[in-house]
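Chain and residue survey
So you can see what is in the structure, the chains are spelled out below.
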Amino acid sequence: MSAALAARHAFAVELAREAGDLAISIRQNLGALESKEPMDYATRADHDVEALIRRRVAERFGDAVIGEEDGGAPASVVWVVDPIDGTTNFIHGTPRWCISIALLVDGEPEIGVINAPDEGRLFAARRGQGALLNGAPLSVSGLRHGASPVVETGWSPRRSLAAYGELITRLIGDGIEFRRNGSGALGMADVACGRNDGYLELHINAWDVLAGIVLVREAGGWVNGFLDNDGLMRGNPIIACTPEIQQRLMAAISFSN
Ligand code: IPD
Ligand code: CA
Ligand code: CA
């Protein structure tokens, strides 16, 4: 499988670039927004980018795909993709959005690629082979900055505002700064490259975090058992961080199940 994985890794990097170019070309002419649930939208770009990814995977490998917009089912070799993560940022014209592409083999996240074209950042990792940002090796912060930890806490309508409030209250009570920047995938990538010390969310889907899980692990970080209890199809809480704050983040999220 090693040669097959190397081929898929190179393919995923090129595909993430092509997908980013397509999203940018559509952005000026998004047309009507589709409202999936309150405060959760899809655009023509989300659908067209996912269709491109599915077409390219089918042409080249014939592997299974699970995508945010068109679903899919588990398989021994399956790509898990979010065509645009940070759709609200994308719609508002801010640069913090990305394409997230992961490959899972026999339930193990093997490849993670995240392309944030407006930020000029392309992250790529393969299990056991390290993580790169624009070709340069990455590592988690190790709290080397010496300041209070900064942790991004994503939120979606899938969990109550009261629970989110409790999480923020616990973090601040423990001397941890919080941020919420609107892309779970980039929140994970920022843990991998040390811009954030952690990423936490009470519930998130596999297409938002699987690529980031490979990145964070390969950058020396710690990630919870996100795929346990059918996290692939049902989502789960995510905790990803520099190892020094693992216990503090587990304590912060412990009220929720
Ligand atoms: C959302 C973003 C957000 C996270 C949510 C996701 P979308 O994905 O990643 O930051 O907090 O859980 O659903 O809708 O932008 O693809
Ligand atoms: Ca997403
Ligand atoms: Ca999305």
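Located above this text is the structure these notes cover.
Residues numbered from 1 in each chain as written. Chains lettered and ligands numbered in written order. Predicted model: local features only at pLDDT ≥ 70, side-chain atom pairs only at ≥ 80, totals over all residues. Heavy atoms only, no water.

Taken together, 19 residues are adjacent to ligand 1, and Asp85, Gly86, Arg158, Gly184 and Glu201 come closest. Here an oxygen atom of ligand 1 and a backbone polar atom of Trp155 are 3.3 Å apart. In this structure, Arg180 approaches ligand 1 through a side-chain N or O atom, which is 3.2 Å from an oxygen atom. For ligand 1, whose accessible area on its own is 380 Å², the fraction buried by protein is 91%. For the shell around ligand 1, the elements supplying multiple residues, two or more each, are β4 (77-85) and β12 (198-204). Here the shell around ligand 1 is composed, by residue class, of four nonpolar, seven polar and eight charged. Both domain 1 (2-137) and domain 2 (150-256) contribute no fewer than three residues apiece to the shell around ligand 1. (Near = heavy atom within 4 Å. Polar contact = N/O pair within 3.5 Å; in protein donor to acceptor, adjacent residues only side chain to side chain. Areas by Shrake-Rupley, 256 points an atom, 1.4 Å probe, with all protein chains shown as cover. Helix = DSSP H or I, 4+ residues; strand = E, 2+ residues; numbered from the N terminus. Nonpolar A, V, L, I, M, F, W, Y, C, P; charged D, E, K, R; others polar. Domains from an automatic or database assignment.)

Turning to the coordination of the calcium ion (ligand 2), a few remarks are in order. Ideal values for angles at a metal depend on the geometry: 109.5 degrees with four tetrahedral donors, 90 or 180 degrees with six octahedral donors. Coordination of the calcium ion (ligand 2) by the protein comes from Asp82 (OD), Asp85 (OD) and Asp208 (OD), over a distance range of 2.0 to 2.2 Å. In the primary sequence, the donor residues of the calcium ion (ligand 2) line up as D-x2-D-x122-D. A gap of 3.5 Å separates the calcium ion (ligand 2) and the calcium ion (ligand 3), which Asp82 links by coordinating each metal. Of the two residues, Asp85 sits in strand β4 while Asp208 sits in helix α6 (residues 206-218), which places them 123 residues apart along the sequence. Asp208 matches Asp85 in its accessibility class, with the two residues each being buried. (Donors = N, O, S within 2.8 Å, 3.2 Å for Na, K, Ca; no water. Buried < 20%, exposed > 50% of the residue type's maximum accessible area, 1.4 Å probe, protein only.)

Right, let's get into the pairing of strand β5 (residues 98-105). With respect to burial, β5 is a largely interior element, eight of its eight residues being buried. Judged by which residues are buried, β5 turns out to be covered on both faces: Cys98, Ser100, Ala102 and Leu104 on one side and Ile99, Ile101, Leu103 and Val105 on the other are all buried. Relative to β5, β4 runs antiparallel, the two being bridged by seven bridges. Residue pairing in the sheet places Asp82 in a bridge with Ser100 of β5. Two strands pair when backbone bridges link them, and β5 and strand β6 (residues 108-116) are joined in this way by seven bridges, in the antiparallel orientation. Considered in β6, the bridge of Val105 is made with Glu108. (Pairing = 2+ DSSP bridges.)

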